[in-house]
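# Structural overview for review
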Amino acid sequence: MKLSIIVPAFNEERTIVALLDAVRAVDLGRLGLEREVVVVSDGSTDATASLARAQPGVAVHELGVNRGKGAAVRHGIRHATGDLILIQDADLEYSVGDYPKLIHPIRRGDVDFTLGCRHVPGQRMRVMDEMRNVARIVNMAHWVFTWFFNVTYRTRLRDPFTMFKVFRTECLEGVTFVSDRFDFDWELTAKLVRLGYRPIEIPVEYDARSFHGGKKVRFFRDPPTWIAACLRFRFCALPRQGDLLAPQSAERRDQIARRRGELVSDRHSDAMEG
Ligand SMILES: Nc1nc2c(ncn2[C@@H]2O[C@H](COP(=O)(O)OP(=O)(O)O)[C@@H](O)[C@H]2O)c(=O)[nH]1
Ligand SMILES: [Mg+2]
């Protein structure tokens, strides 16, 4: 089995080398996994892409025009060849030491999809020493967004839009993704939930960087796209012909449907009609 680690990176020259070193140091052999690392930089104006290219065992995709994190991750997924996909930000907010915790439940076959949960009860998610009020507002907003997502999708998640997500590649088969910016994090969780995948949330370390520290999320630009994504993907049709992976064979579709527990009722209705 192979794990594809997708790293969206936009002007991350300060952290990309340390991050790729850390990713390489994770002992995936113990989990029975080969590793593939795909870095996607779109329009970075610093040394991100050249630094990444100098690292061994890394496929670097450099795109000319900056479209956003979602577009970069979608590009990475399109080129991934692994059985499992893990999305890893290029900053050092998340810890690669949490990979085993996130991957184990999938390897064991308990679930198809895990989320690295940044919300630890009794603890503030973002501290950002130099910007206490900003951190307070962002934490509060996170709580409101989480509530909104849970009400819309009838879930009980603590951190549905964490960037740390691991899933079987086959979960995406036949699904189209369209979000270009940080709304992709909402789209991915929303669509997988609607397809019947129930993620488990696993507490992970999270060391929030500040806007000074290089955060790309825009305080006023991005939140409206999240609300729009939440509503849009709740009610959109879920097309079976996606842009990410080749259309499934009938046998493959059956296999996936069986995992989701859908097949019995499908067969039943076929039999009723036929
Ligand atoms: N390729 C690419 N990566 C991006 C873009 N915007 C953000 N990222 C990456 O996405 C990850 C998360 O971005 P970040 O600003 O840290 O978001 P935050 O963790 O929510 O604060 C980082 O690795 C960024 O470099 C983009 O436009 N293109
Ligand atoms: Mg970040």
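Residues numbered from 1 in each chain as written. Chains lettered and ligands numbered in written order. Predicted model: local features only at pLDDT ≥ 70, side-chain atom pairs only at ≥ 80, totals over all residues.

Attention shifts here to the confidence of the model for the protein. A residue-level look at the protein finds 83% of positions with pLDDT of 70 or above and a mean pLDDT of 86. Below a pLDDT of 50 lies the segment residues 241-248, which in the model reaches 19 contacts outside its immediate sequence neighbourhood of four places, other chains included. Low pLDDT, under 50, characterises residues 262-274; the predicted model gives this stretch six contacts beyond four residues in sequence or across chains. (pLDDT = per-residue confidence, 0-100. Contact = placed C-beta atoms within 7 Å.)

Moving on, we come to the site of ligand 1. For ligand 1, the set of nearby residues contains 19 residues, the closest of which are Pro-8, Phe-10, Ala-72, Ala-90 and Lys-216. The element best represented in the shell around ligand 1 is strand E2 (residues 34-42), accounting for three residues. Here the shell around ligand 1 is built from residues that sort into eight nonpolar, three polar and eight charged. (Near = placed C-beta within 6 Å. Helix = DSSP H or I, 4+ residues; strand = E, 2+ residues; numbered from the N terminus. Nonpolar A, V, L, I, M, F, W, Y, C, P; charged D, E, K, R; others polar.)

Side chains three or four residues apart in an α-helix point the same way, a direct result of the helix having 3.6 residues per turn. For helix H1 (residues 16-25), the set of buried residues is Ile-16, Leu-19, Leu-20 and Val-23. Buried residues of H1 fall within an arc of 95° about the axis and therefore sit on the same side. Residues Ala-18, Asp-21 and Ala-25 are exposed on H1 and point more than 90 degrees away from its buried face. Taken together, the buried residues of H1 touch strand E1 (2-8), E2, helix H2 (48-53) and strand E3 (58-63). (Buried ≥ 20, exposed ≤ 12 C-beta atoms within 10 Å, placed from the backbone. Arc of directions from axis to C-beta.)

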